[in-house]
Amino acid sequence: MSTKFIIIANEKGGVGKTTTATIIAHGLAMRDRGHVLVADLDTQGSAAVALGMDPAPALSEVLEAILDGLIYGKVAAESLHIQPTGRPLLWLLPGNKRTKRAMASLQMALATGEIAMPQIVEALRTIGQDYDYVVLDTPASGILQEIALSMADYVVIPTALDSLSLNAVANILATLGRLNGAAEAIILPTMFAGSRNLD
């Protein structure tokens, strides 16, 4: 089975992207669906925290290696600082605040033509090829979100149900349509509090 890339994305923050990413990844691993990697593309390193681990600059180091042209063919997980989570079949490529600086360098390299989007996508796919599923937790906007959407097989869009959140869903669907019309989008309502009228 080729690697499936599941992207968790929304243009609005605070809708449960990180929670969704870690639950989906852990669920796949628990159901023995194969080896699963969570990659934290957000600048807060929250995926590590959600898994009871410490944020680390592994993702920024990967981006720097891509810019340096160092990622070709198979890459050893140890060299990328991919970490076992202590849960069977589940690994983490953690991020932290250094991701923001690496993201700016990546944006500059794209703007100057030093590197092209397909090269970045191919390098990230190379990193994920040893896993059955790669789940990417993305920032609310920016080049890392666009790169993730470009490589997606599935895009899960967590959303609250207020009008602003639903407008953000429309925006992310439009962005996905522009970047990757082949990906399957799944809208996931979150932050829903049911209530009962007992009268």
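Given the structure is predicted, the values throughout are model-derived calculations rather than measurements. (Residues numbered from 1 in each chain as written. Predicted model: local features only at pLDDT ≥ 70, side-chain atom pairs only at ≥ 80, totals over all residues. Heavy atoms only, no water.)

### As for the overall build of the protein chain
Phase 1: The number of helices and strands found in the protein chain is seven helices and seven strands.
Phase 2: Taken from N to C terminus, the helices and strands of the protein chain fall in the order β-α-β-α-α-β-β-α-α-β-α-β-α-β.
Phase 3: In the protein chain, which comprises 199 residues, the proportion classed as buried is 48%.
Phase 4: As displayed, the protein chain has an accessible area near 9,800 Å², and 54% of this comes from carbon and sulfur atoms. (Helix = DSSP H or I, 4+ residues; strand = E, 2+ residues; numbered from the N terminus. Buried < 20%, exposed > 50% of the residue type's maximum accessible area, 1.4 Å probe, protein only. Areas by Shrake-Rupley, 256 points an atom, 1.4 Å probe, with all protein chains shown as cover.)

### Details of the packing of helix α6 (residues 143-150) against helix α7 (residues 163-179)
Phase 1: Closest axis-to-axis distance for the α6/α7 pair is 9 Å, and the angle between their directions is 60°. Here α6 lies oblique to α7, going by the angle between them. Note on packing geometry: the crossing formed by α6 with α7 is right-handed. Across the interface between the two elements, Q145, E146, L149 and S150 from α6 touch I172, T175, L176, R178 and L179 from α7.
Phase 2: Class assignment for the residues of the contact of α6 with α7 results in four nonpolar, three polar and two charged. (Axes fitted to C-alpha atoms, helices over the stretch in contact; angles between N-to-C directions. Parallel < 35°, antiparallel > 145°, perpendicular 65-115°, else oblique. Left-handed = near helix turned anticlockwise from the far one by under 90°. Contact = heavy atoms within 4.5 Å. Nonpolar A, V, L, I, M, F, W, Y, C, P; charged D, E, K, R; others polar.)

### As for the packing of helix α5 (residues 117-128) against α6
Phase 1: Two elements in contact, α5 and α6, have axes separated by 10 Å at closest approach and are oriented at 70°. Accordingly, the angle class assigned to the pair α5 and α6 is roughly perpendicular. As for how α5 packs across α6, the hand of that crossing is right-handed. Residues M117, I120, V121 and L124 of α5 form the contact with α6, whose own contacting residues are I143, E146, I147 and S150.
Phase 2: Within the contact of α5 with α6, the residues separate by chemical class into six nonpolar, one polar and one charged.

### Brief notes about the environment of R178
Phase 1: Along the chain, the position of R178 falls in helix α7.
Phase 2: For R178 and S150, which are 28 residues apart along the polypeptide, the C-alpha to C-alpha distance reads 9.2 Å.

### As for the side chain of Q145
Phase 1: Its location among the elements puts Q145 in helix α6.
Phase 2: If we ignore the near neighbours within four places in the chain, the residues touching Q145 are N10, E11, T138, P139, A140 and I172.

### Regarding the side chain of T159
Phase 1: Relative to the helices and strands, T159 is located in strand β6 (residues 154-159).
Phase 2: A relative accessible area of 1% means that T159 is categorised as buried.
Phase 3: When near neighbours in sequence (up to four residues on either side) are disregarded, T159 contacts N10, V15, S165, L166, V169, I187, L188, P189 and T190.

Just geometry here; none of it tells us what the structure is for.
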